[in-house]
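Coordinate analysis (summary)
Here's the letter readout for the chains.
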Amino acid sequence: MDPDATFTLPSLLCEEDDSSLDHQVKIKVSQPRSDDDQYIRSLIERETQSNDSSCVICDDESTKNWFKCARLDAVNWIFSTREIWGFHFRTAYLSLTYFDRFNSRRVIDDGKEWAIELLGIACLSLAAKMEEQIVPSLSHFKAQGYIFESSVIQRMELMVLTTLEWKMCGITPFAYLHHFFSKISDECDCNEVLVSKAIGFVLDFSKEVNLMDHRPSVVAIAAVLLACDDQLTRNTLECKIGVVSSLYSLEKECIYNCYILLKELETKKNNTPDLNSFDLLRNNWSKSSNIGIKRKLTYNGFEQKCPVQKISRRL
Amino acid sequence: MSNRSGSNRPEWLQQYDLIGKIGEGTYGLVFLAKIKSNRSKSIAIKKFKQSKDGDGVSPTAIREIMLLREISHENVVKLVNVHINHIDMSLYLAFDYAEHDLYEIIRHHRDKVNQAINQYTVKSILWQLLNGLNYLHSNWIMHRDLKPSNILVMGDGEEQGVVKIADFGLARIYQAPLKPLSDNGVVVTIWYRAPELLLGAKHYTSAVDMWAVGCIFAELLTLKPLFQGQEVKATPNPFQLDQLDKIFKVLGHPTVDKWPTLAHLPHWQSDQQHIQGHKYDSPGLYSVVHLPPKNSAYDLLSKMLEYDPRKRLTAAQALDHEYFRMEPLPGRNALVPPQPGEKIVNYPTRPVDTNTDFEGTTSLQPAQQQASGNQMSGGMAGAHIMGTRNVPRPVHMVGGMQRMQQQQNMAAYNLASQAAAGMSGGAAMNPGNIPMQRGVAAQPHQQQQQQQQQLRRKDGMGMPGYPQQKSRRF
């Protein structure tokens with residue numbers, strides 16, 4: 001990638017290789033092309049077309065808690081497997097949207113942790129097939145407590161596909177981060193640290209919250225705003241997003257609520273002493289590289305990726 | 001075969017009478033079937049080849065189904081149903097059947113009637129192809145594998161002569177990452193490949209589809225592939241020098257002057273000797289397509305075959321071209337010119353191999369050709385069609401059908417009833433019998449309606465309809 005490349009949305013182009021992964025993120029904000037605006041608007045519009053809404057099927061507290069824990073385990077498995085395979089963050093996030101959408105339509109009974117694990121595997125495998133260039137075969141997805149045959153995972157994949165009505169083209173907040181940073185960054189010094197921060201917020205959010213309750217574009221703009229400034233009031237926030245024309249169709253109220261939610265999640269996390277894997281991950285992003293693996297944020301998706309040849313050694 | 005329908009066949013299969021196999025490719029098999037409740041309705045059923053053991057559901061299948069689920073346009077093939085055989089987990093896609101495709105139409109004119117395709121038909125096919133492509137591009141979908149055999153034309157019936165873009169196995173939403181084109185053993189013919197791809201561009205746009213349309217346009221005019229390069233077979237994605245050579249011979253040498261980003265393309269940089277060093281004679285596209293340079297068809301064609309993808313005509317611009325505003329005007333029925341007295345070409349129907357069942361196994365029934373009109377016998381085995389005569393498949397006396405009769409628990413996934421049907425398939429799909437309750441589906445019908453409205457609205461925007469519509473054409 002041309003080191004002087006200006007900051008335009010790469011999404012409009014298809015990329016065939018990973019060469020851009022070897023370059024440091026360099027954010028140089030230029031006027032985004034009008035094409036980008038149009039594209040972002042079409043993305044936001046497509047979000048509304050898949051208006052799944054989460055529906056609580058069970059209001060029994062213990063079941064809810066059980067599910068929350070099981071989900072957290074699945075999330076942790078998905079993120080650690082993402083790291084092993086060097087998948088993009090958006091792949092992990094996408095798999096969680098499949099996971100949450102599935103659970104809004106079907107209920108997995110209490111105590112069936114294995115079913116949740118199987119679901120997590122199927123969702124990640126499907127997301128990888130949608131997003132990644134290299135997808136490991138099913139037998140390489142190692143669950144924590146159970147061994148699933150490939151055919152069982154494939155059955156689960158089919159079940160997820162039909163339950164989600166084959167609508168697999170999920171939009172994630174990562175599709176928007178570039179654009180939103182470029183839009184509000186004349187007031188804020190946009191750099192690698194801020195980008196990593198925003199990614200971290202999105203990931204922390206995905207860990208805790210049912211992803212069907214918030215639109216990806218809302219999560220993205222809230223994370224970008226929080227990364228730039230954690231002291232926004234409702235008024236200052238509305239002021240900032242007022243300049244982003246592609247956001248007109250989004251409700252300011254939703255954005256503000258999401259901003260507050262992200263902020264609360266961060267406060268909660270900072271008050272919890274033990275570092276979880278997310279904190280570790282995040283620490284890794286800000287130091288540009290360590291443990292011998294290039295961990296660099298890429299321009300095209302802001303995501304880190306381990307070289308594929310590392311895989312065999314790590315497994 | 002059609003009279004072998006047992007009463008204990010899987011439910012989804014029972015709604016069809018299988019006629020036979022009509023195609024075979026790297027993706028799997030295609031069958032022709034009739035809907036029992038409506039015998040006049042023909043359906044093409046595409047069975048995906050089982051993915052490699054242990055890979056799960058094939059990514060190509062997921063992408064194709066996902067995209068087809070989202071799109072709806074008169075000039076794009078319509079996915080009617082997705083069926084899953086839960087025994088072996090194979091996937092079957094049911095499409096509206098199209099009797100013809102451009103590969104066969106061109107071949108018929110070249111080899112049988114020995115006469116050019118009439119101008120009305122060429123223009124109507126091109127207009128509808130562009131119309132479908134414009135819809136795809138405005139929904140941020142790139143096809144990436146346009147070629148004559150993927151452009152279908154409807155046979156007799158209400159939609160006679162309507163063009164349908166098919167085969168979305170390689171298509172994708174713009175922002176998704178790309179796999180190399182030669183992935184999954186899918187070999188895309190290089191004849192329709194845009195020069196930026198041949199020169200190793202890492203980034204490319206929907207302009208690659210427009211290049212392919214240009215090549216197809218020229219082929220409709222001359223009945224010969226425009227750039228018939230010798231393919232280098234190697235993995236992955238070898239440099240296709242001969243294909244570029246064929247292009248340069250017709251269009252002249254590209255220059256950095258006219259195509260500024262050319263200098264950054266990998267193969268342009270690396271292959272100084274062959275690509276940059278060789279000097280080509282003056283371009284002669286008009287002599288290849290036998291059109292005078294001032295002709296509007298020529299003008300349109302040359303703008304689709306513009307080297308610089310940024311300057312290449314878009315589908316929307318092409319639809320606006322004066323070529324489509326001149327007589328003969330394009331129409332909905334591309335096969336039948338509206339002027340009475342014009343000769344109508346009867347294209348052969350697709351050859352059907354009636355000896356192959358849904359499992360792809362062959363029975364020992366005598367061959368029956370589905371013949372009609374001036375059906376050609378034999379020698380029909382095109383790139384994508386397997387003729388009746390050469391079916392190099394093992395013969396199973398008790399194979400396929402018998403096994404299929406036991407497969408009762410196939411669940412149909414009916415697109416019309418969306419989630420509801422998806423749910424009803426649940427019991428059969430439940431891996432390892434996980435006890436699961438049915439969740440509340442999010443109002444599938446309403447949702448679908450909304451989606452269709454949105455698509456329709458998008459369709460309406462900038463979609464001019466047939467230019468200068470004249471009622472006689474409809």
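Just so it is clear, the structure is predicted and the values come from calculations on it, not from any experiment.

The next subject is the overall build of chain A. The number of helices and strands found in chain A is 12 helices and two strands. Scanning chain A from its N terminus toward the C terminus, one meets helices and strands in the order β-α-α-α-β-α-α-α-α-α-α-α-α-α. Each of the 315 residues in chain A was classed as buried or not, and the buried ones make up 59%. When contacts within chain A are restricted to residue pairs at least 6 apart in sequence, long-range pairs at least 24 apart make up 79% of them. About 12,500 Å² of surface is accessible on chain A, with carbon and sulfur atoms providing 51% of the total.

The number of helices and strands found in chain B is 16 helices and 13 strands. Of all 474 residues assigned to chain B, the portion counted as buried reaches 59%. Accessible surface, chain B: about 19,800 Å² in total, of which carbon and sulfur atoms supply 50%.

All names here are of chain A. This prediction gives chain A a mean pLDDT of 73; 70% of its residues lie at or above 70. No element of chain A has a lower mean pLDDT than helix α12 (residues 310-314), which averages 28, and none a higher one than helix α5 (residues 150-163), which averages 94. Under a pLDDT of 50 for its full length, residues 1-33 has, in the predicted model, 90 contacts with residues more than four places off or in other chains. Scored below 50 in pLDDT, residues 277-315 shows 101 contacts in the model against residues more than four places distant or in partner chains.

To continue, consider helix α6 (residues 174-184) of chain A. A large share of α6 of chain A lies buried, amounting to 11 of its 11 residues. Among the residues of α6 of chain A, Phe174, Ala175, Tyr176, Leu177, His178, His179, Phe180, Phe181, Ser182, Lys183 and Ile184 of chain A are the ones counted as buried.

All names here are of chain B. A complete count under the given rule lists 13 aromatic pairs over all chains for this structure. Ring pairing ties together the aromatic residues Trp211, Phe227, Phe248, Trp259 and Tyr307, which thus form one cluster. Geometry around Tyr323 places Lys123 over its ring, the cationic atom sitting 4.5 Å from the centre.

With that out of the way, let us pick up the packing of helix α2 (residues 61-85) of chain A against helix α7 (residues 192-208) of chain A. Each pair of packed helices can be described by the angle between their axes along with the distance between the axes. All names here are of chain A. Running from amino to carboxyl end, α2 crosses α7 at an angle of 140°, the nearest separation of the two axes being 9 Å. Contact residues: Lys68, Arg71, Leu72, Val75, Asn76 and Phe79 in α2; Leu203, Ser206, Lys207 and Glu208 in α7. A class-by-class count of the residues in the contact of α2 with α7 yields four nonpolar, two polar and four charged.

Residues and elements named next belong to chain A. A grouping of Asp60, Asp73, Asp110 and Glu113 is seen on the molecular surface, where their side chains present a negatively charged patch. Relative to the elements of secondary structure, Glu113 occurs in helix α4 (residues 113-131). Taking the relative accessible area as the measure of exposure, Glu113 reaches 35% and is therefore partly exposed.

Let us look at the state of the cysteines. Residues and elements named next belong to chain A. Within the structure shown, the criterion is met by zero disulfides over all chains. Sulfur of Cys254: no disulfide; nearest cysteine sulfur belongs to Cys258 and is 8.8 Å away. You can call Cys254 partly exposed: its relative accessible area is 36%.

A few words on the pattern of salt bridges. Residue and element names in this part refer to chain B. Summed over the entire model, instances satisfying the criterion amount to 27 salt bridges over all chains. With its nearest N and O atoms 3.0 Å apart, the salt bridge here joins Asp96 to Lys41. Here Lys41 lies in strand β3 (residues 38-48) and Asp96 lies in strand β5 (residues 90-96), a separation of 55 residues in the sequence. On the basis of relative accessibility, which here comes to 13%, the residue Asp96 falls in the buried class. Of the residues examined, Lys41 reaches a relative accessible area of 30% and is grouped as partly exposed. With its nearest N and O atoms 3.3 Å apart, the salt bridge here joins Glu158 to Arg332. One end of the pair, Glu158, is in the loop between β8 (151-153) and β9 (163-165); the other, Arg332, is in the loop between α12 (315-319) and α13 (400-405), and 174 residues separate them in sequence. Note on Glu158: relative accessible area 63%, which makes it exposed.

By size, the foremost hydrophobic cluster in this structure holds 192 residues, and its most contacted members are Leu91, Leu130 and Phe217 of chain B. The leading source of residues in this core is α4 of chain A, at 12 residues. In contact with Phe217 of chain B, other than residues within four places in its own chain, are Val122, Leu126, Ala297, Leu300, Leu301, Met304 and Tyr323 of chain B. In terms of nonpolar packing, the next biggest core, distinct from the first, is built from 13 residues, Leu13, Tyr16, Ala33 and Ala94 of chain B among them.

The next thing to look at is unusual backbone geometry. Residues and elements named next belong to chain B. The linkage connecting Glu327 with the following residue, Pro328, adopts the cis geometry, with an omega of -10°. Within the secondary structure, Pro328 sits in the loop between α12 and α13. Although it is not a glycine, Trp140 sits at a positive phi angle of roughly 60°. Positionally, Trp140 belongs in the loop between α4 (119-138) and β7 (141-142). Judged by its relative accessible area of 8%, Trp140 is buried. Non-glycine residue His290 carries a positive phi angle of around 55°.

A word on the sheet that holds strand β6 (residues 100-101) of chain B. Residue and element names in this part refer to chain B. The strand order across the open sheet formed by three strands is β6-β8-β9, and the pairing between neighbours is antiparallel. Strands at the two margins of the open sheet, each flanked by one partner only, are β6 and β9. Examined bridge by bridge, β6 and β8 share two bridges and lie antiparallel to one another. Its bridge partner lying in β8, Asp101 is registered against Leu152.

Definitions and limits used
Residues numbered from 1 in each chain as written. Chains lettered and ligands numbered in written order. Predicted model: local features only at pLDDT ≥ 70, side-chain atom pairs only at ≥ 80, totals over all residues. Heavy atoms only, no water. Helix = DSSP H or I, 4+ residues; strand = E, 2+ residues; numbered from the N terminus. Buried < 20%, exposed > 50% of the residue type's maximum accessible area, 1.4 Å probe, protein only. Contact = heavy atoms within 4.5 Å. Areas by Shrake-Rupley, 256 points an atom, 1.4 Å probe, with all protein chains shown as cover. pLDDT = per-residue confidence, 0-100. Phe/Tyr/Trp six-rings, centres within 6.5 Å; stacked < 30°, edge-to-face > 60°. Lys NZ or Arg CZ within 6 Å of the ring centre and 35° of its normal. Axes fitted to C-alpha atoms, helices over the stretch in contact; angles between N-to-C directions. Nonpolar A, V, L, I, M, F, W, Y, C, P; charged D, E, K, R; others polar. Patch = residues over 30% accessible without salt bridge, like charges linked within 9 Å, V, L, I, M, F, W, Y side chains within 5 Å. Salt bridge = Lys/Arg side-chain N within 4 Å of Asp/Glu carboxyl O. Lys, Arg positive; Asp, Glu negative; His and termini not counted. Charge placed at Lys NZ, Arg CZ, Asp CG, Glu CD. Disulfide = S-S within 2.5 Å. Core = buried A, V, L, I, M, F, W, Y, C linked by side-chain atoms within 4.5 Å. Pairing = 2+ DSSP bridges.

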